[in-house]
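The lines below spell out each chain.
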Amino acid sequence: MVNRRTWLAGAAAWAALAPGGAHAQAKSEITISRQPGILYMPIHVIEKRRLIEKHAEALGQPGVTTKWLSFSNGGAQQDALLSGGVDIINTGTGQLLLLWDRTRGGVRGIVATTAQPLVLVSRDPRVTSLKDFGPGDRIAVPTVRVSTQAILLQMGAAATFGPDQWGRLDPITVQLGHPDAFVAMKNPNHEVRNHFAAPPFHHYELKTIPGAHVVANSADIIGGPLSQGQFFTTTRFATANPVIIQAVRAAAQEAKAFIETNTREAVEIYREVTSDKTPAEDLLDLLAQPGMMEWNLYPQGTMKFAAHLHKTGALKTLPGSWKDYYLPVAHDLPGN
């Protein structure tokens, strides 16, 4: 489960993050989170090619160093951001919106990095659509209730069973990072027979697990692309470190261009940073599938997420536009 003490006992931390809270100091050594999966390949390219350091120096701030910390899910990352354990995180739209709301604007996005599709995979032949799930089933998601996958399930449940039934599938979700969920899916005796997976884990499951099949995907549920990864930070950090924020945007833009023009090399960087042993050719085949080369910096589908979270009461404040929860560094971009 989500660490409820982080949400309920962290009021003082949220107040410090909110506008008018404690001031942060400018930093030359920054800490950024990373997660496993080819979904986060732009981050791996940024890390390996030292793009934040490069662009910070070009912007007049030499000597920046970046420390990268691995996390298995977005919930752990948001806890680390609130506690000051990391300066910048990269994870899903749900975490960004909830932190923006709970900190009263004290956490905001920098730029998006990917909108690859998420895929709900099942190895249960009985399950072919959301309406087939019952009380005895278990669906693995990275963080229950607040991860992008968990919220997509809520949106799908509302569309399938009725608007007031958005929480119908919540009781059967279980929290597992994607690598652990993949291991569970491969075990025919494990209770987890369904996984709302991020790339490349859905690809592994469909290719290696007998009977694995697609039940739903994010594009079907939300009606188009959805930003699955974006950099975000506290407004305290952003105010104290404007060059770093600009460097993150420039680094993301360069990583996007690098992946598009040097895809094979980018795949090798991903394999090196994450220790993924999947053959490069398999990953290149995966990236050739529809929607898999979606690395735009502007947020996509996020206002639909916000509308759902506000309707369910998870989001107390309904933003007027995506620019409310993104820093001005991104405001010249298109977005939704």
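What you see is a predicted model; the values in this text were computed from it and never measured.

Criteria and cut-off values
- Residues numbered from 1 in each chain as written.
- Predicted model: local features only at pLDDT ≥ 70, side-chain atom pairs only at ≥ 80, totals over all residues.
- Heavy atoms only, no water.
- Helix = DSSP H or I, 4+ residues; strand = E, 2+ residues; numbered from the N terminus.
- Rg over C-alpha atoms; globule rule 2.2 N^0.38 Å.
- Buried < 20%, exposed > 50% of the residue type's maximum accessible area, 1.4 Å probe, protein only.
- Contact = heavy atoms within 4.5 Å.
- Lys, Arg positive; Asp, Glu negative; His and termini not counted.
- Charge placed at Lys NZ, Arg CZ, Asp CG, Glu CD.
- Core = buried A, V, L, I, M, F, W, Y, C linked by side-chain atoms within 4.5 Å.
- Arc of directions from axis to C-beta.
- Salt bridge = Lys/Arg side-chain N within 4 Å of Asp/Glu carboxyl O.
- Axes fitted to C-alpha atoms, helices over the stretch in contact; angles between N-to-C directions.
- Parallel < 35°, antiparallel > 145°, perpendicular 65-115°, else oblique.
- Nonpolar A, V, L, I, M, F, W, Y, C, P; charged D, E, K, R; others polar.
- Pairing = 2+ DSSP bridges.
- pLDDT = per-residue confidence, 0-100.
- Phe/Tyr/Trp six-rings, centres within 6.5 Å; stacked < 30°, edge-to-face > 60°.
- Lys NZ or Arg CZ within 6 Å of the ring centre and 35° of its normal.

Draft legend 1. Molecular detail of the overall build of the chain. Helix and strand counts for the chain stand at 15 helices and ten strands. The C-alpha radius of gyration computed for the chain amounts to 19 Å, which stays within 12% of the reference 20 Å derived for 336 residues, consistent with globular compactness. Expressed along its principal axes, the backbone C-alpha trace of the chain runs to roughly 60 × 45 × 30 Å. Expressed as a percentage of the 336 residues in the chain, the buried residues total 58%. Counting contacts in the chain only where the partners sit at least 6 residues apart, residues at least 24 apart contribute 76% of the total. Across the chain, the mean location of the 31 positive side-chain charges is 5 Å away from that of the 28 negative side-chain charges.

Draft legend 2. Quick peek at the environment of K67. One can find K67 in strand β2 (residues 65-70). Among the residues examined, K67 registers a relative accessible area of 45% and is labelled partly exposed. Residues K67 and E47 lie 20 residues apart in sequence; the distance between their C-alpha atoms is 8.9 Å.

Draft legend 3. Seen up close, the nonpolar core. Among the nonpolar cores identified, the biggest contains 102 residues, and M41, V45, I52, I110, L120, F133 and F231 are the most heavily contacted of them. Sorting elements by how many residues they give to this core places helix α12 (residues 242-261) first, with nine residues. In this structure, I110 is in contact with I88, F231, F232, T233, I245, V248, Y326, L327, V329 and A330, ignoring residues within four places of it in sequence.

Draft legend 4. Representation of helix α8 (residues 178-186). For α8, the set of buried residues is H178, A181, F182, A184 and M185. Viewed end-on, α8 has its buried residues packed into an arc of 160°, placing them on one side of the element. Its buried side turned inward, α8 meets β5 (119-122), β6 (139-141), α7 (148-161), β8 (194-197) and α9 (201-208).

Draft legend 5. View of the pattern of salt bridges. Taken as a whole and assessed by the stated rule, the structure comprises 16 salt bridges. For K54, the salt bridge is made with E254, and the minimal N-O distance between the two is 2.9 Å. Of this pair, K54 sits in helix α4 (residues 51-58) while E254 sits in helix α12, and the two are 200 residues apart along the sequence. With a shortest N-O distance of 3.4 Å, R193 and D124 are connected by a salt bridge. Within this pair, whereas R193 is found in the loop between α8 and β8, its partner D124 is found in the loop between β5 and β6, the two being separated by 69 residues in sequence. Given the relative accessible area of 9%, D124 is considered buried. In this structure, a network of salt bridges that share partners links the residues D124, R126, D137 and R193.

Draft legend 6. Representation of the packing of α9 against helix α14 (residues 280-287) within the structure. Relative to each other, α9 and α14 sit at 110°, their axes nearing to 11 Å. In terms of their interaxial angle, α9 and α14 are classed as roughly perpendicular. Along the contact surface, α9 presents H202, H203, Y204 and K207, while α14 presents D282, L283 and L286. For the contact of α9 with α14, the per-class residue count stands at three nonpolar, two polar and two charged.

Draft legend 7. Examining the sheet that holds strand β7 (residues 173-175) more closely. Spatially, β7-β6-β8-β5-β9 is the arrangement adopted by the five strands of the open sheet, whose pairing is mixed. The open sheet terminates on both sides in strands that have one partner only, identified here as β7 and β9 (213-217). On average, each strand axis in the sheet is inclined to that of its neighbour by 30°, with strand direction left out of account. Inspection of the sheet shows β5 paired to β9 by four bridges, in the antiparallel sense. Residue pairing in the sheet places L120 in a bridge with A216 of β9. Strands in contact with α8 are β5, β6 and β8; relative to β8, the strand with the most contacts, it is inclined by about 150°.

Draft legend 8. Highlighting the confidence of the model for the chain. Taken residue by residue, the chain gives an average pLDDT of 91. The fraction at 70 or more is 92%. Throughout residues 1-16 the model reports pLDDT below 50, and contacts reaching past four residues in sequence, or to other chains, amount to 28 contacts.

Draft legend 9. Region of interest: the packing of aromatic side chains. Tallying each qualifying case throughout the model produces five aromatic pairs. Judged by centre distance (5.6 Å) and plane angle (75°), the ring pair of W322 and Y326 falls under edge-to-face. Accessibility classification places W322 together with Y326 in one group, the buried group. Here the guanidinium or amino end of R168 rests over the ring plane of F161, the centre of that ring lying 3.9 Å away.

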